[in-house]
Amino acid sequence: MSELQIALIAFGALLVAAVWGFNLWQERKHRRRAAEMLPAHDRAAPDVLMRGREEERAEPTTPIAAVPQEPTFRADEPALAATEETEETAEAAEPAPLPAAPPLPQEWADGRADCLLRIEFVDAVPVAGIWAEQAQWSRKVDKPLQWLGLDAKSGRWRALLPQDPGAIAQLAVALQLADRKGALGEEALTAFLGGMHVIAQRFSGLVELPEPASVLARAHELDSFCAAVDLQLDLAVVPHAGASQGLAGEKLPAVLSTHDLKREGERYVAADGSGAELFALAGRTAEGTFVASVATQAPASLLLSLDVPRVADGADAFDRMVACARQCAEALGGQLADAHGKPLADATVAAIRERIVDMQARMAQMGIPAGSMRALRLFS
């Protein structure tokens, strides 16, 4: 055997040993960071949505977790069974561990309404690269996606947007489980989980994927509950039976001003102190189309609407809406009615109010307070 062959064999052996040592160091780094990715209290958060339902499911329900459970690692795993000398050498060359990432903002990270995934990258990744990668699959997802990144420079979480020039050390993505169109479907979930897995592989990241069946079960449970409490109320002001003409629209502006309703397109909206909508009013023609200006046209009827899950104090908003409707009826020569024009008795109005109180109490018990950010997202 020539000296050149011997030298090549020795070089090859050294190269294999170097690669093996690097892989061992990288694996140990991933394992330690996996345990630090989330606070312990997030992983143990109770699932309030799965408690106290009116109808019990035949099969066990799947808990709604704030995030997927982190894997546990044992000291005697094969990957950690290397010699002490090799481990000590790798640790000596390893940089000091980074500080734990700050928790996700509460107004964004919602483990009850979303399927939440986080990826920790070995090195900072340009946002533009992630955005280009997600474009390959995100169009297949028909539920809202929210993207957040841990800025590599500031160490703070921030929303990610297309053409973002920065780089991130971690990525967090939330896929909403349900909205008024229904529950998250299997096709959309498959695209999401597969896409996130590709991003982790493409940019050398660590991600823990949940079981698809458990995510779909959570989505259907959440959608079923939301459908049961999704109450959208309509009241009407209509002319008295036998009236020969519509309502006197010219008298309406004074009433709207009294109740502080502001025009927004074809509607007049009453808001609370924070600017959130309480109820809305619109004029309709005899054919049911909206009247562009109730002040200059004689509407055949007025329609007042209240979206119960999206209003913090539904009973108070309902009282204000009824008071406005009654004053409109008095001023315009009409009467209070339901959406189909049938006159409403006081007993019926009281029963509707009780139903609003009951619905919002159920929402609060299930961890979805009416008018909260979570409710606004689910009932959209």
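Residues numbered from 1 in each chain as written. Predicted model: local features only at pLDDT ≥ 70, side-chain atom pairs only at ≥ 80, totals over all residues. Heavy atoms only, no water.

Caption draft 1: Structural context of the overall build of the chain. A count of helices and strands for the chain gives ten helices and 13 strands. Taking all 380 residues of the chain together, the buried fraction comes to 42%. Considering only residue pairs separated by 6 or more positions, the chain has 72% of its internal contacts joining residues 24 or more positions apart. Of the accessible surface of the chain, which amounts to about 20,400 Å², a share of 55% is contributed by carbon and sulfur atoms. (Helix = DSSP H or I, 4+ residues; strand = E, 2+ residues; numbered from the N terminus. Buried < 20%, exposed > 50% of the residue type's maximum accessible area, 1.4 Å probe, protein only. Contact = heavy atoms within 4.5 Å. Areas by Shrake-Rupley, 256 points an atom, 1.4 Å probe, with all protein chains shown as cover.)

Caption draft 2: Quick peek at the nonpolar core. Formed by 79 residues in total, the largest nonpolar core has its most connected members in Leu171, Phe192, Ile199, Leu281 and Phe318. Here this core takes nine residues from helix H8 (residues 314-332), the largest share from any one element. Aside from chain neighbours lying at most four places away, what touches Phe318 is Leu233, Leu235, Leu306, Val349, Ile352, Arg353 and Ile356. Counting residues in hydrophobic clusters, the runner-up holds nine residues, among them Leu116, Leu150, Trp157 and Ala172. (Core = buried A, V, L, I, M, F, W, Y, C linked by side-chain atoms within 4.5 Å.)

Caption draft 3: Main features of the packing of aromatic side chains. In total, this model carries four aromatic pairs according to the counting rule given. Centroid distance Phe121 to Phe203: 6.5 Å. Interplanar angle 85 degrees. Geometry classified as edge-to-face. Separated by 82 residues along the polypeptide, Phe121 in strand S1 (residues 114-126) and Phe203 in the loop between helix H5 (186-202) and strand S7 (205-207) bring together distant segments of the chain. Judged by its relative accessible area of 2%, Phe121 falls in the buried class. By relative accessible area, which is 14% here, Phe203 ends up buried. Among the aromatic side chains, those forming a connected cluster through ring pairs are Trp131, Trp137, Trp147 and Phe192. (Phe/Tyr/Trp six-rings, centres within 6.5 Å; stacked < 30°, edge-to-face > 60°.)

Caption draft 4: Quick peek at the sheet that holds strand S13 (residues 334-338). The six strands are arranged S9-S10-S11-S12-S8-S13 in an open sheet whose pairing can be described as antiparallel. Here the strands that pair on one side only, and so sit at the sheet edges, are strand S9 (262-264) and S13. With strand direction ignored, the average angle separating the axes of adjacent strands in the sheet is 30 degrees. Of the strands in this sheet, strand S8 (232-239), strand S10 (267-271), strand S11 (277-284), strand S12 (301-307) and S13 touch H8, which is tilted by about 175 degrees from S12. (Pairing = 2+ DSSP bridges. Axes fitted to C-alpha atoms, helices over the stretch in contact; angles between N-to-C directions.)

Caption draft 5: The sheet that holds strand S2 (residues 145-151), seen in detail. Across the sheet, which stays open at both edges, the five strands sit in the order S3-S2-S4-S1-S7 with antiparallel pairing between neighbours. A single partner strand is all that each edge strand has here, and the edge strands are strand S3 (157-159) and S7. The average angle at which neighbouring strand axes cross in this sheet is 25 degrees, direction not considered. Here S2 runs beside S3; their pairing, made up of three bridges, is antiparallel. By the bridge assignment for S3, Leu148 is matched with Ala159. Running at roughly 135 degrees to S1, helix H4 (residues 127-134) makes contact with S1, S2, S3 and strand S4 (167-176) of the sheet. Strand contacts of H5: S1, S2, S4 and S7, with the helix running at about 20 degrees to S1, the strand carrying the most contacts.

Caption draft 6: Layout of the pattern of salt bridges. This model, assessed by the stated rule, comprises twelve salt bridges. For Asp110, the salt bridge identified is with Arg377, shortest N-O distance 4.0 Å. You can see Asp110 sitting in the loop between helix H3 (84-93) and S1 and its partner Arg377 sitting in helix H10 (residues 373-378), a full 267 residues away along the chain. According to the relative accessible area criterion, Asp110 is buried, its value standing at 7%. On the accessibility criterion, Arg377 (12% relative accessible area) is buried. For Asp346, the salt bridge identified is with Arg326, shortest N-O distance 2.9 Å. A residue pair is termed long-range when its members are at least 10 positions apart, and Asp346 in helix H9 (residues 346-365) and Arg326 in helix H8 qualify at 20 residues. For Arg326, a relative accessible area of 38% puts it in the partly exposed group. Within this structure, Asp110, Asp114, Arg374 and Arg377 form a network of salt bridges that share partners. (Salt bridge = Lys/Arg side-chain N within 4 Å of Asp/Glu carboxyl O.)

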